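Observations on chain architecture
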Amino acid sequence: MDIKSEIAKRRTFAIISHPDAGKTTLTEKLLLYGGAVQLAGSVTARKNQRASTSDWMELERKRGISISSTVLQFDYDGYHINLLDTPGHKDFSEDTYRVLTAVDAVVMVIDAGKGIETQTRKLFEVCRQRGVPIFTFMNKCDRPTLEPLALLDELERVLKIGAFPVNWPIGNGADFKGVFDRHAHQVHLFERTVGGAFRAPVAIGNLADPVIRERLDEETFNKVSEELHMLEHAGESFDAEAVLAGKTTPVFFGSAANNFGVKLMLDGFLKHSSPPKPHPIASGVIAPEDPIFSGFIFKIQANMDPKHRDRIAFLRICSGQFERDMQVFHSRTGKKVRLSSSHKLFANERETVDEAFAGDIIGLVGHSDFGIGDTLTTDASIVYREIPRFTPESFALLHNPNTAKYKQFRQGLDQLLQEGVIQILHLKDSVTKVPLLAAVGPLQFEVVQYRLESEYGAASRLEAAPWTVVRWLPASMTEEDLEPLQLPTGARIAFDSDNNPVLLFTNEWSMNYFAQTNSKIELAALPPNNLRATG
């Protein structure tokens, strides 16, 4: 098969949601259709059974949440699917955001009983900024839900995106009867299955079909008929180009726990999403089918396999064909490297990959020089600028209580910094060199402590820091320029890992006061080398 045909089969997407909306359950049901798992019971139904398919870190298993982002790959209906599993917990990290730079589309899972929640909104904004196509799955329709028209209205009002319901729910909660497919003009009847372990049986017919009609009471039939009539005349029309531009979201209703509506959503997603698109480079764009091999590293994870204590770099292939043992340029060092240890991932299981194509995600083991945002390519002139950095919102001092373990403590911290798990700042004029951790969400501090102890044998003590806002000063400012600065009470000067000067403020008011009284100094929410994003 030629390279164009292979790339046309690729679909690379992530699932985003607020915690408990059903993301992990939906992930497992999608894998069921790809034949990747034999049993895909709901998360709650198998708490005492095996760990979640995509959660490999012990801390994730203990807390029942996804902390790191994993790649799951499977084939379905002629497509080769790369599913990037993003963390869905309350305190997410830069890792979550970075994963969204490596996908061509997202599926947004919304709890139909709660509507749009805060984290969904944050993740949606990252997708909107990149113009990523968004598909919506209204989950838990077998439980009491908000009115479906109100859910659509919320999508359009809160997220400012057009919403086109591909199918429509018939009843909800205990009275949920199924969905009406507006494109095929068919009804898919809902039947509960024990634990949602197997594919739910589905009967199909027309809404006016006697078999369907006898299952619906008069009130439900009239309500659904009226809503469908309203959608036809006043709702969004389906526009394939608007979907691919991220301006309209196709909406699917269902129940992931009962495996109902999942196949409809997956089939609809594959039909209306697109294969990999061209990626921007300094000289223009590079097409996926270009014979030049190129890609960028969006995630690094150490110690996924405790037996080997190794480190894996996740590469999104943007163009061309990957072949194991090929030689490529490493953009940041300018060196040529041989990519001999390449894997495809399924949670913490690995399988050697001999070839891959644009759109695929591969794991590269054993390259300590690789960092977040680095480009690997057969053409040294190609450099991607795909990975942004994000402004930290949480800060804490990390103490090493055991000086005998200093080497392990430092080694572990350096590794986590290179992975992009956290950022590290150093306070100016500090008597002791205690690292100040800076992260998007405070759960990252717990992850750092857990991994330092479990992987490097280094215990640590966390001390809450009083700052809530960080701003970067111009990189041109020298030590002499910093000395005369008049800082508000509680504010401190620090340096990031690239030695850029930053200011730490206790609150927004303090930062605004400094900005007003020092109007000639330009403050930035991100570092001057933002696109390097190596810590």
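Summarised in this report is the structure supplied together with it. (Residues numbered from 1 in each chain as written. Predicted model: local features only at pLDDT ≥ 70, side-chain atom pairs only at ≥ 80, totals over all residues. Heavy atoms only, no water.)

What about the pattern of salt bridges?
- Per the stated rule, a full pass over the model turns up 18 salt bridges.
- Between Lys 223 and Glu 147 there is a salt bridge; the shortest N-O distance is 3.0 Å. One end of the pair, Lys 223, is in helix H8 (residues 218–234); the other, Glu 147, is in the loop between strand E5 (134–139) and helix H6 (148–158), and 76 residues separate them in sequence.
- Taken together, the salt bridges that share partners define one network made up of Glu 6, Lys 9, Arg 10 and Asp 360. (Salt bridge = Lys/Arg side-chain N within 4 Å of Asp/Glu carboxyl O. Helix = DSSP H or I, 4+ residues; strand = E, 2+ residues; numbered from the N terminus.)

Thoughts on the environment of Ser 17
- Tracing the backbone through its elements, the reader meets Ser 17 in strand E1 (residues 10–17).
- Counting along the chain gives 103 residues from Ser 17 to Thr 120, while the straight-line C-alpha distance between them is 5.0 Å.

Observations concerning the packing of aromatic side chains
- Scanning the entire structure with this criterion turns up 12 aromatic pairs.
- Look at Phe 298 and Phe 314: their rings are 6.4 Å apart centre to centre, the planes differ by 45°, and that puts the pair in the tilted class. Highlighted residues: Phe 298 in strand E14 (residues 294–302) and Phe 314 in strand E15 (residues 311–319), separated in sequence by 16 residues. Of the two residues examined, Phe 298 and Phe 314, each falls in the buried class. (Phe/Tyr/Trp six-rings, centres within 6.5 Å; stacked < 30°, edge-to-face > 60°. Buried < 20%, exposed > 50% of the residue type's maximum accessible area, 1.4 Å probe, protein only.)

Notes on the environment of Ala 404
- With respect to the helices and strands, the residue Ala 404 is situated in the loop between strand E24 (394–399) and helix H11 (406–419).
- Using a relative accessible area of 66% as the deciding quantity, one classes Ala 404 as exposed.

Here's the deal with the packing of helix H2 (residues 23–33) against helix H10 (residues 262–272)
- For the pair H2 and H10, the least separation of the axes is 10 Å and the interaxial angle reads 75°. The angle between H2 and H10 falls in the class roughly perpendicular. Along its contact with H2, which presents Leu 26, Lys 29, Leu 30 and Tyr 33, the element H10 presents Val 262, Lys 263, Met 265 and Leu 266. (Axes fitted to C-alpha atoms, helices over the stretch in contact; angles between N-to-C directions. Parallel < 35°, antiparallel > 145°, perpendicular 65-115°, else oblique. Contact = heavy atoms within 4.5 Å.)

Considering the pairing of strand E30 (residues 501–505)
- The buried fraction of E30 amounts to five of the five residues, a majority that puts the element mostly inside the structure.
- As defined by bridge partners, strand E28 (residues 469–472) adjoins E30 across four bridges and the pair is classed as antiparallel. What sits directly across from Val 469, in E30, is Phe 505.
- Counting the residues that bridge the hairpin from strand E29 (residues 492–495) to E30 gives five residues, and of these Asn 499 lies at a positive phi of roughly 70°. (Pairing = 2+ DSSP bridges.)

Side note on the side chain of Ser 294
- Position of Ser 294 relative to the elements: it lies in strand E14.
- A polar contact of 2.6 Å, which involves the side chain of Ser 294, links it to the side chain of Ser 319.
- Separated by 2.6 Å, the side chains of Ser 294 and Tyr 384 make a polar contact.
- Dropping the residues within four chain positions of it, Ser 294 is found in contact with Ile 286, Arg 316, Ile 317, Cys 318, Ser 319, Leu 376, Thr 377, Ile 382 and Tyr 384. (Polar contact = N/O pair within 3.5 Å; in protein donor to acceptor, adjacent residues only side chain to side chain.)

Such coordinate-based values are descriptive only and should not be taken to indicate function.
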